[in-house]
Amino acid sequence: MRALRGLHLLRSGGGVPELRGAARRGMAQVPDFARGWPHPSLLGGQLPKMLAESFQQGLPYAEETLNYGSPYGHPKFLESLAGFLSQQYGAPVAPETLLATSGASMGADLCIRAHAKAGDICVFEEPTYYHAHSFARDQGMELKGVLMQEDGLDLKELEELCVSTGRVRVVYTIPIHQNPTGVTTSEAKRQGLVALARRHGFLVVADEAYQMLNFEPSQVKPLFYHDDPAEPRVLSIGTFSKLIGPGLKVGWVQAHRQLLQPLTKVGYFASGGNTVTFSSMALKHFMDSGQLSQHLAFLCSELGARCRLLCTRLRELRVEVQEPKGGYFVWVKGDGTRIGRGPL
Ligand SMILES: Cc1ncc(COP(=O)(O)O)c(C=O)c1O
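Residues numbered from 1 in each chain as written. Predicted model: local features only at pLDDT ≥ 70, side-chain atom pairs only at ≥ 80, totals over all residues. Heavy atoms only, no water.

Now for the overall build of the chain. The helix and strand tally for the chain stands at 14 helices and 11 strands. Relative to its 344 residues, the chain shows a buried fraction of 54%. Total accessible area on the chain is roughly 14900 Å²; 53% of this is exposed by carbon and sulfur atoms. (Helix = DSSP H or I, 4+ residues; strand = E, 2+ residues; numbered from the N terminus. Buried < 20%, exposed > 50% of the residue type's maximum accessible area, 1.4 Å probe, protein only. Areas by Shrake-Rupley, 256 points an atom, 1.4 Å probe, with all protein chains shown as cover.)

Structure follows, in structure tokens:
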């Protein structure tokens, strides 16, 4: 299987210094690929109006949501989230397998904070989301990279690392529309990864920030559904950042209760309850009414059209493109200079 080493990245964000240089020199037609942020046009339109309505609908719960509460999140929010997710995933979601977070970054940080200690090893896909290393580094963990292939992590390399060190505690993976390669981990590798986790005693922190951003119907379920409730190893992380907007900072972790419960003992949850009790309830009506599902369908179609256009233009420049089936990232092979000069 070909490794994805040595390729260049073109995201709706960056990694192409030549582009930033061109932008600095005032070449206004050059888009800013430095950040994986949603385009402002996807945050306007009817969206703020729908959110305002949903916020209003959440206010009658204020006597509960403005108070301290369950570290897992407000039960009514978790119930609505479970309904929305089960519809999107085409699979059952039990509210007691969910814990609300302030987005995917906090979810990953929380899982690693609760389940690992200094000196343990955290394995990352190579390459991975450029901010992800800090989740493990902040805990004093040792960081190791395992190569990303066209169908996901190199599991042979991972197993060798487990055997040779005996200290792999966490594998952080982005199993769908990966940032930055766009790769979706195959079914075989999903099963293989969870089997390895059981064999070598590590946990899988699956950052599924792009799970629902599909440009075509997808059968791929979160990694949680590959887990064994009797011996759980997987924490699946979701976020509304890419579905609604990152300023919202509401997300969730889906895991079996044995793995979820230690998260509630982390200081800032144990002391203050869940961090998004109030803000998450502003989304309840948005989910219950079906408006979020409609918005998501619009978003997927819009992002898919933009992605196809980007890939077409890149191919016209004779750049080798690995066209993703969802998410934010397009992985290309070529030299950044030539891409930077293209009439995108
Ligand atoms: C893989 C991945 N995880 C997490 C995040 C950040 O998510 P959040 O805003 O929910 O913290 C990003 C943003 O680009 C991402 O690509």
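Around the ligand sit Gly103, Ala104, Ser105, Tyr129, Ile174, Asn179, Asp207, Tyr210, Thr239, Ser241, Lys242 and Lys249, and that is every residue in its neighbourhood. For the ligand, an oxygen atom lies 2.7 Å from a polar atom in the backbone of Ala104. Contact between the ligand and Asp207: a nitrogen atom at 2.6 Å from a side-chain N or O atom of the residue. Calculation on the ligand without its partners gives an accessible area of 400 Å², and the protein chains cover 94% of this total. Looking at which element gives the most residues to the shell around the ligand, the answer is helix H5 (residues 103–115), with 3 residues. Grouping the amino acids of the shell around the ligand by side-chain chemistry returns 4 nonpolar, 5 polar and 3 charged. (Near = heavy atom within 4 Å. Polar contact = N/O pair within 3.5 Å; in protein donor to acceptor, adjacent residues only side chain to side chain. Nonpolar A, V, L, I, M, F, W, Y, C, P; charged D, E, K, R; others polar.)

Our next topic: the environment of His256. Looking at where His256 falls in the secondary structure, it is placed in the loop between strand E9 (251–254) and helix H9 (257–260). His256 sits 21 residues away from Leu235 along the chain, and the two C-alpha atoms are 8.0 Å apart. In this structure His256 touches Phe224, Asp227, Pro229 and Pro232, once residues within four positions along its chain are discounted. (Contact = heavy atoms within 4.5 Å.)

Within a beta sheet, neighbouring strands are joined by backbone hydrogen bonds and run either parallel or antiparallel to one another. The strand order across the open sheet formed by 8 strands is E2-E9-E8-E7-E6-E3-E4-E5, and the pairing between neighbours is mixed. Single-partner strands in this sheet number two, and they are strand E2 (98–101) and strand E5 (152–153). Bridge count between strand E6 (residues 168–173) and strand E7 (residues 203–207): 4 bridges; the pairing is parallel. Residue pairing across strands places Val171 opposite Val204, the latter belonging to E7. Against the sheet, helix H4 (residues 75–89) contacts E2 and E9, and its axis sits at roughly 105° relative to E2. Its contacts with the sheet put H5 on E2, strand E3 (121–126), E6, E7, strand E8 (234–239) and E9, and the angle it makes with E8 is roughly 155°. (Pairing = 2+ DSSP bridges. Axes fitted to C-alpha atoms, helices over the stretch in contact; angles between N-to-C directions.)

Alternating residues of E9 divide into Gly251 and Val253 and Trp252 and Gln254, and every residue in both groups is buried. Summarising the sheet, E2 and E9 pair through 4 bridges and their orientation is antiparallel. Paired with Ala100 across the bridge in E9 is Trp252. Pairing of E8 with E9, which is carried by 4 bridges, proceeds in the antiparallel orientation. Counterpart to Ile237 in the pairing with E9 is Val253.

Within an α-helix, residues lying three or four positions from one another point in the same direction, as the helix has 3.6 residues per turn. Taking 1.5 Å per residue as the helical rise, H5 with its 13 residues ought to reach 18 Å, and the 18 Å between its terminal C-alpha atoms agrees with that figure. Counting buried positions over the 13 residues of H5 gives 10, a clear majority of the element. (Expected span 1.5 Å × (residues − 1).)

A word on H4. With 15 residues, H4 extends 20 Å between its outermost C-alpha atoms, agreeing within 8% with the 21 Å of an ideal straight helix rising 1.5 Å per residue. When H4 is considered as a whole, its buried residues turn out to be Phe77, Leu78, Ser80, Leu81, Ala82, Phe84, Leu85 and Tyr89. Phi for Gly90, located one or two positions after H4, is positive at around 65°.

A few words on the packing of aromatic side chains. Applying the stated criterion across every chain, the model contains 12 aromatic pairs. For the pair Tyr89 and Tyr225, a centre-to-centre distance of 6.2 Å together with 80° between the ring planes defines the contact as edge-to-face. Within this pair, whereas Tyr89 is found in helix H4, its partner Tyr225 is found in the loop between E7 and E8, the two being separated by 136 residues in sequence. Owing to a relative accessible area of 10%, Tyr89 belongs among the buried residues under this scheme. An aromatic cluster of three or more residues is present, and its members are Phe84, Phe240 and Trp252. Geometry around Tyr72 places Arg257 over its ring, the cationic atom sitting 3.7 Å from the centre. (Phe/Tyr/Trp six-rings, centres within 6.5 Å; stacked < 30°, edge-to-face > 60°. Lys NZ or Arg CZ within 6 Å of the ring centre and 35° of its normal.)

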